[in-house]
Amino acid sequence: MSKEKKYCIGCGVLLQDENMTIDGYTTSMENDICSRCFRMKNYGEYQIVTKSNEEYIDILKSVNKTNDLVLYIVDLLNLDRDLKHIRNYINNKVILVLSKRDVLPKSVKDEKLIDYFKNMELDYDDIVVVSPNKNYNIDELLHVIKKYKTSKNVYVVGHTNVGKSTLINKLMKNYSENECELTISPLPSTTLNKISIKLSDDLTLIDTPGLIDRGNIVNYVDPSLLKKINPKKEIKPKTYQIKKGQCLIIGNLIRVDYVEGGKNSFTVFMSNDLKVQRFNLQKQEGLKDLYPNELDVLYHEDVVVNGLGFIKIVEKAKVVIYADKNVEIYTRRSLI
Ligand SMILES: Nc1nc2c(ncn2[C@@H]2O[C@H](COP(=O)(O)OP(=O)(O)OP(=O)(O)O)[C@@H](O)[C@H]2O)c(=O)[nH]1
Ligand SMILES: [Mg+2]
């Protein structure tokens, strides 16, 4: 008799009790979660899983065959560089959900954030700002979901680590009697498979594995640093009135040399736990063995360091950012 298939309620992986070295292992098929989720939930022990992005693309292609509503989740501190990418794969109605609002300063108005995205002329049906951690605007999101949904199913998609599973857990906690224990973690690729969660008779939320962003610094730092890098609290921006010939060293992870330009102001929007130090660049050799990214920054632009946050620079400047060579670094119009 063949065994009935059972999937982990935390990450969606197919459960098996035969091979400890393969995904989905559990000590007993009586369990509802795999050993990896068990260790993350109970001991905060994280285990890196390497996944390809083919599955993510395949999921998007299968969503395109439906007329279901899609929530595209982005992390406000670590925005996707290409917000149009998803439209290469799906024609469904899509709501852009700007998440982790709590990490940006309260003084920034939601309307200002929404306008920023509206000005980019993206092809989204609506935009909502939320913070699942602070239970902020979740009511508004549910309202928007009900307004746009075309069937029972609503897909939750986006890059890894943007907070898709956290958001679904929060929606379930607020609006359903059913318990929902999707596994969340600061590591990429926590969710491994599609997971359908019934919120009510006419609404099922579908969690999905995220797109892996190879340019994100989280892939290249020691996992023990993740807590420091991912802010849990509102960021207190650090502003430096800075002159050519000075540099900033941030969290011992990146170095920012100001090599050309007049008097300027650099504001660092990164986790409060990352120490920022200013030096005279000629007298400081630290981190110069890392890869130098030379950037021409225009008036009122941000330098984005994927996975860490961004530095708002007011005046035109030439800067050299030293970082791990795999980390994506680029400029964009100032978000704030
Ligand atoms: N500050 C803050 N952190 C959040 C919020 N929502 C999620 N996080 C954190 O973001 C990290 C990733 O959350 P997950 O819910 O696992 O993200 P995911 O998109 O499901 O990730 P994958 O399953 O890997 O694709 C965790 O460390 C969460 O605690 C939020 O509203 N605010
Ligand atoms: Mg997840």
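Described in the following lines is the structure provided in the data block. Residue indices follow the written sequence of each chain, beginning from 1 at its first position. Each chain is given a letter, starting from A, and each ligand a number, starting from 1, according to the order in which they appear as written. Given that this is a predicted model, residues contribute local features only at a pLDDT of at least 70 and side-chain atom pairs are listed and counted only at 80 or more, while totals for whole chains, interfaces and linings are drawn from all residues. Each side-chain value is worked out from all heavy atoms of the structure, with water and hydrogens disregarded.

Examining the overall build of the protein
- Only runs of H or I of at least four residues qualify as helices and only runs of E of at least two qualify as strands under DSSP, and these elements are numbered from the N terminus. Assigned secondary structure in the protein consists of 6 helices and 16 strands.
- Two things to know: the radius of gyration comes from C-alpha atoms, and the globule rule equals 2.2 Å times the number of residues to the power 0.38. Whereas a compact globule of 336 residues would reach a radius of gyration of roughly 20 Å, the protein reaches 21 Å, a difference of no more than 12%.
- Dimensions along the principal axes, computed over C-alpha positions, put the protein at roughly 75 × 45 × 30 Å.
- Each residue is placed in one exposure class: buried if its accessible area under a 1.4 Å probe, protein chains only, is under 20% of its type's maximum, exposed if it is over 50%, and partly exposed if it falls in between. Residues classed as buried in the protein amount to 54% of the 336 residues present.

Observations regarding the coordination of the magnesium ion (ligand 2)
- Distances up to 2.8 Å from the metal define which N, O and S atoms are donors, and 3.2 Å serves for Na, K and Ca; water is absent from the atom set, so sites may look incomplete. In the first shell of the magnesium ion (ligand 2), the protein supplies Ser-165 (OG) and Thr-191 (OG1), at 2.0 to 2.1 Å from the metal. With Ser-165 in helix H5 (residues 164–175) and Thr-191 in the loop between H5 and strand S5 (195–200), the pair connects residues that are 26 residues apart, well separated along the chain.

Considering the packing of helix H4 (residues 138–148) against H5
- For helices, the fitted line uses only the C-alpha atoms of the stretch in contact; every axis is such a line through C-alpha atoms, and the angle between N-to-C directions lies from 0 to 180 degrees. Running from N to C, H4 and H5 cross one another at 90 degrees; their axes reach a closest spacing of 11 Å. Relative to H5, the element H4 is oriented roughly perpendicular. Judged by residue contacts, Ile-138, Asp-139, Leu-141, Leu-142 and Ile-145 of H4 engage Leu-167, Lys-170, Leu-171, Asn-174 and Tyr-175 from H5.
- Here the contact of H4 with H5 is composed, by residue class, of 7 nonpolar, 1 polar and 2 charged. Roughly parallel means an angle under 35 degrees; roughly antiparallel means over 145; roughly perpendicular covers 65 to 115; every other angle is labelled oblique. Only heavy atoms matter for contacts: two residues are in contact if any of them lie within 4.5 Å across the pair. Only Asp, Glu, Lys and Arg are considered charged in this grouping, and only Ala, Val, Leu, Ile, Met, Phe, Trp, Tyr, Cys and Pro are considered nonpolar; every other residue, Gly among them, is considered polar.

Quick look at the side chain of Asn-306
- By the secondary structure assignment, Asn-306 is in the loop between strand S13 (301–305) and strand S14 (309–313).
- A relative accessible area of 6% means that Asn-306 is categorised as buried.
- Here a polar contact is recorded for every N or O atom pair within 3.5 Å, except that within protein the pair must consist of a potential hydrogen donor and a potential acceptor, and residues adjacent in sequence are included only if both atoms are side-chain atoms. One polar contact links Asn-306 to Asp-213, side chain to side chain, over a distance of 3.2 Å.
- The residues contacting Asn-306, other than those within four sequence positions of it, are Asn-78, Asp-213, Gly-215, Asn-216, Ile-217, Val-327 and Glu-328.

A word on the environment of Thr-239
- Along the chain, Thr-239 turns up in strand S7 (residues 238–242).
- Residues Thr-239 and Leu-298, spaced 59 residues apart in sequence, show a C-alpha to C-alpha distance of 18 Å.
- For Thr-239, the contacting residues outside a window of four places in its chain are Ser-265, Phe-266 and Thr-267.
- Of the polar contacts made by the side chain of Thr-239, one reaches the side chain of Thr-267; its length is 3.0 Å.

Here's the deal with the pairing of strand S15 (residues 317–323)
- The element S15 is extensively covered by neighbouring structure, given that 7 of its 7 residues are classed as buried.
- Side chains Ala-317, Val-319, Ile-321 and Ala-323 project from S15 onto one buried face, and the interleaved Lys-318, Val-320 and Tyr-322 project onto a second face that is buried too.
- Of the strand pairs in this sheet, strand S9 (residues 254–260) and S15 are connected by 5 bridges, and their pairing is antiparallel. When the bridges of S15 are listed, Tyr-258 appears paired with Val-319.
- Whether two strands pair depends on DSSP finding at least two bridges between them. Bridging between strand S12 (residues 291–297) and S15 involves 7 bridges; their strand directions are antiparallel. Paired with Asp-296 across the bridge in S15 is Lys-318.

Here we look at the packing of aromatic side chains
- We call Phe, Tyr and Trp rings a pair once their centres come within 6.5 Å, taking the six-membered ring for Trp, and we label the pair stacked below 30 degrees between planes, edge-to-face above 60, and tilted otherwise. Evaluated as defined, the whole model comprises 5 aromatic pairs.
- Ring geometry for Tyr-258 against Phe-266: centres 5.2 Å apart, planes inclined by 50 degrees, an arrangement best described as tilted.
- Tyr-258 gets classed as buried once you look at its relative accessible area, which sits at 0%.
- What makes Phe-266 buried here is its relative accessible area of 0%.
- Ring centres 4.8 Å apart and planes at 15 degrees place the aromatic pair Phe-269 and Phe-310 in the stacked group. With Phe-269 in strand S10 (residues 264–270) and Phe-310 in strand S14, the pair connects residues that are 41 residues apart, well separated along the chain. Judged on exposure class, the residue Phe-269 and its partner Phe-310 are both buried.

Things to note about the site of ligand 1
- Whether a residue is near a molecule or strand depends on its heavy atoms: it is near if one of them lies within 4 Å of it. Around ligand 1 sit 24 residues, and of these Asp-102, Lys-164, Thr-166, Thr-190 and Thr-191 come closest.
- Between Lys-164 and ligand 1, the recorded distance is 2.8 Å, taken from a side-chain N or O atom to an oxygen atom.
- Take Thr-191: an N or O atom from its side chain is 2.8 Å from an oxygen atom of ligand 1.
- A total of 650 Å² of accessible area belongs to ligand 1 in isolation, and the protein chains cover 97% of it. Note that accessible areas follow from Shrake-Rupley with a 1.4 Å probe, and for residues the cover is restricted to the protein chains shown.

Quick look at the state of the cysteines
- We call a pair of cysteine sulfur atoms a disulfide whenever their separation is within 2.5 Å. Inspection of every chain in the model, using the stated rule, returns 0 disulfides.
- Cys-37 provides the cysteine sulfur closest to Cys-34, a residue in no disulfide bond, and the two sulfurs are 3.8 Å apart.
- Cysteine Cys-37 remains unbridged, with the sulfur of Cys-11 as its closest cysteine sulfur at 3.7 Å.
- You can call Cys-37 buried: its relative accessible area is 0%.

Topic: unusual backbone geometry
- Look at Lys-100: it is not a glycine, yet its phi comes out positive at around 60 degrees.
- The topology assignment puts Lys-100 in the loop between strand S2 (94–99) and helix H3 (110–118).
- Classification of Lys-100 by relative accessible area gives partly exposed; the value is 24%.
- The backbone phi angle of Ser-189 is positive, close to 60 degrees, even though this residue is not glycine.
- By relative accessible area, Ser-189 is classed as buried at 5%.

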